[in-house]
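Tertiary structure, described
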Amino acid sequence: MTDAIVWPETWIAAELRVRYADLGSLDDAALARHYEDFGRREGRIASPAAQREGLIALVPADASILEIGPFCQPVLTGPNVRYLDVLDAASLRVRGEAIGIDTSRTPETIHFTNGLGEAAGQDLDILFSSHNLEHQPDLIGHLKEAAAALALGGVYVLIVPDRRYCFDHFLPDLTVARVLDAHLEARTVHTAQSVIEHRAFTCHNDTLRHWHGDHGPEPDGMDGRIDYALNELKAANGGYVDVHAWQFTPQSFESVMTTLNRLGWSPFRPLRVYDTAYGRNEFTAVLTLDAAA
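Every chain is numbered independently, its residues counted from 1 as its sequence is written. Note on the predicted model: pLDDT of at least 70 is required for a residue's local features to be given, and 80 or more for side-chain atom pairs to be given and counted; whole-chain, interface and lining totals, by contrast, use all residues. For the side-chain quantities, the full set of heavy atoms in the structure was used; hydrogens and water were omitted.

As a further point, take the overall build of the protein chain. To qualify as a helix, a DSSP run of H or I must reach at least 4 residues; to qualify as a strand, a run of E must reach at least 2; elements of each kind are numbered from the N terminus. Of regular secondary structure, the protein chain possesses ten helices and six strands. What you see for the protein chain is a C-alpha radius of gyration of 20 Å, in line with the 19 Å of a compact globule of 293 residues. Projected onto its principal axes, the C-alpha positions of the protein chain cover 60 × 45 × 45 Å. Think of it in three bands: residues with accessible area under 20% of the maximum for their type are buried, residues over 50% are exposed, and the middle band is partly exposed, with areas taken using a 1.4 Å probe on protein chains only. With 293 residues in all, the protein chain has 50% of them scored as buried. Throughout, a contact is declared for two residues whenever any of their heavy atoms are within 4.5 Å. Relative to all contacts within the protein chain whose residues are 6 or more apart in sequence, the contacts with residues 24 or more apart total 72%. Residue-level accessible areas treat just the shown protein chains as cover; the underlying method is Shrake-Rupley with a 1.4 Å probe. Surface accessibility of the protein chain: about 13,600 Å² in total, with carbon and sulfur atoms responsible for 52%. Here the protein chain holds 24 positive side-chain charges and 41 negative ones, and the gap between their average locations is 3 Å. As a reference, a globule follows 2.2 Å times the number of residues to the power 0.38, and the radius of gyration itself is taken over C-alpha atoms. Counted charges follow a simple rule, with Lys and Arg positive, Asp and Glu negative, and His plus the chain ends left uncounted. A single reference atom marks each charge: NZ on Lys, CZ on Arg, CG on Asp, CD on Glu.

The following block contains the structure:
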């Protein structure tokens, strides 16, 4: 099924010419230089799949799909889409109403509520995740469970926050060493460091302000937020506190995913990692299973 999907290249000269009048006269070589020197930093859209709507449009309606973490607003719908979340549908509605969001699109059924491992052997065509990967305490463990749910040739389609344009701006990119450390510990909850960073050292979440270089003052955590995080950890008593464990840019994501695959720690290799579009706080990516996985 997924072999028939044409995932666009991450950089397409014709796409840039059509979208941007000032680039129309440049030949391919000049366009490539412009994109490397300026376009990527400016958030120029070099591929139709660089925006979430373009990526989603490529997902076939007849593919077997599992969406991770739809909450009350799933990205994908249809008879071939199943859902995984931490709560059942009724509980998601209650939670959504409690925080004041629209619950009218909550899936009627959440098919898996006991973690991604529950979906092993489903032989899915596509696993889909939007703003979920950054919450996984053990990223490698998550990728291995994702592979176990997919059919041979299946793909993991992702929409991932770009730390540069959201509240994670001042936090460091993930590294191979940190990802391996989490996996060797078989981590199931977030570290105290991740909770403290998320509560005390994040900044504003105005995407356009970040694009315009206004990140606000660098957080110092001295306004009671560290104490709040420590009290939250104490109250959790070793339980799960939901925060971002990982911070990404397209470049750091592709580099770490490539390295993990090359070293044999991940069954996935990056097929496409698209650059972040101007005005967005997220990038898109497609991971593919190696034949031997």
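Here the narrative resumes.
Our next topic: helix α10 (residues 250–262). With 13 residues, α10 extends 18 Å from end C-alpha to end C-alpha; this agrees with the ideal 18 Å at 1.5 Å per step. Inspection of α10 places P250, S252, F253, V256, M257, T259, L260 and N261 among the buried residues, and these make up the whole buried set. Among the residues trailing α10, G264 stands out with phi positive, at a value near 85°. By this rule, a helix spans an expected 1.5 Å times one less than how many residues it contains.

Moving on, we get to the nonpolar core. For soluble globular proteins, the rule of thumb is that nonpolar side chains tend to be buried together. Grouped together as the largest cluster of nonpolar side chains are 36 residues, with contacts concentrated most on L127, Y156, F253 and F268. Secondary-structure elements contributing two or more residues to this core are β1 (65–68), β3 (124–130), α5 (139–149), β4 (150–161), α6 (176–184), α10, β5 (268–273) and β6 (282–289). Examining the composition of this core, we find that six residues originate from one element, α5, more than from any other. With residues near it in sequence (within four places) discarded, L127 still touches L66, I68, L116, A146, L150, V155, Y156 and V157. In plain words, nonpolar cores are sets of buried Ala, Val, Leu, Ile, Met, Phe, Trp, Tyr and Cys residues tied together by side-chain atoms within 4.5 Å. Within the second largest apolar cluster, 31 residues are counted, among which are A13, L76, V81 and Y274.

With burial as the criterion, each face of β1 is covered, one bearing I65 and E67 and the other bearing L66 and I68. Direction of pairing for β1 relative to strand β2 (residues 81–84): parallel, over a ladder of four bridges. Paired with L66 across the strands is R82, a residue of β2. Strand pairing follows a simple DSSP-based rule, namely that at least 2 bridges must link the two strands.

The next subject is the packing of aromatic side chains. The rule is short: rings of Phe, Tyr and Trp, with Trp giving its six-membered ring, pair when the centres are within 6.5 Å, and they are stacked under 30 degrees, edge-to-face over 60, tilted in between. One pass over the full model with this rule turns up five aromatic pairs. Residues Y156 and F268 carry aromatic rings whose centres are separated by 5.9 Å and whose planes lie at 55° to one another, so their mutual orientation is tilted. In this pair, Y156 sits in strand β4 while F268 sits in strand β5, placing the two residues 112 residues apart along the sequence. These aromatic residues form a ring-pair network of at least three members: Y165, W211 and Y278. Only lysine NZ and arginine CZ atoms are considered, and such an atom sits over a ring when it is within 6 Å of the ring centre and within 35 degrees of the ring normal. A cation over an aromatic ring shows up here: R44 above the ring of Y20, its NZ or CZ 4.8 Å from the ring centre.

We now examine the pattern of salt bridges. By salt bridge we mean one thing: a side-chain nitrogen of Lys or Arg within 4 Å of a carboxyl oxygen of Asp or Glu. Under the defined criterion, the tally for this structure stands at 16 salt bridges. Residue D162 pairs with R164 through a salt bridge whose shortest N-O separation is 2.6 Å. Under the relative-accessibility criterion, D162 is labelled buried at 0%. As a salt-bridge pair, R187 and D181 come within 3.1 Å of each other at their nearest N and O atoms. Overall, R187 belongs to the buried group, its relative accessible area being 16%.

A word on the sheet that holds β4. Pairing in this open sheet of six strands is mixed, and the strands run β2-β1-β3-β4-β6-β5 from one edge to the other. Edge positions in the open sheet fall to β2 and β5, since each of these has one partner strand only. Averaged over all pairs of adjacent strands, the angle between strand axes in this sheet comes to 25°, irrespective of strand direction. Pairing between β4 and β6: seven bridges, direction antiparallel. Considered in β6, the bridge of P161 is made with E282. The angle between two axes is taken between their N-to-C directions and runs from 0 to 180 degrees, where each axis is a line fitted to C-alpha atoms and a helix contributes only its stretch in contact. α5 contacts β1, β3, β4, β5 and β6 of the sheet and is inclined by roughly 135° relative to β4. Contacts between α10 and the sheet are confined to β4, β5 and β6, with β5 contributing the most and set at about 155° to the helix.

This part is about the packing of α5 against α6. Packing of α5 against α6 leaves a shortest axis separation of 7 Å and a crossing angle of 75°. The angle between α5 and α6 places the two elements in the roughly perpendicular class. Across the interface between the two elements, L139, I140, G141 and K144 from α5 touch V179, L180 and H183 from α6. Reported orientations rely on four angle classes, namely roughly parallel under 35 degrees, roughly antiparallel over 145, roughly perpendicular from 65 to 115, and oblique for the rest.

The next subject is the packing of α6 against α10. Where α6 contacts α10, the two axes come as close as 10 Å, and the packing angle between them is 55°. As judged from the angle between their axes, α6 and α10 are oblique. Along this stretch, α6 crosses α10, giving a crossing that reads as right-handed. Residue-level contacts link V176, V179 and L180 of α6 to V256, T259 and L260 of α10. Ten residues, namely Ala, Val, Leu, Ile, Met, Phe, Trp, Tyr, Cys and Pro, are considered nonpolar, four, namely Asp, Glu, Lys and Arg, are considered charged, and the remaining ones, Gly among them, are considered polar. Among the residues making up the contact of α6 with α10, the classes are represented as five nonpolar, one polar and no charged. Take the far helix as your reference; a near helix turned counterclockwise from it by less than a right angle gives a left-handed crossing, and one turned clockwise gives a right-handed crossing.

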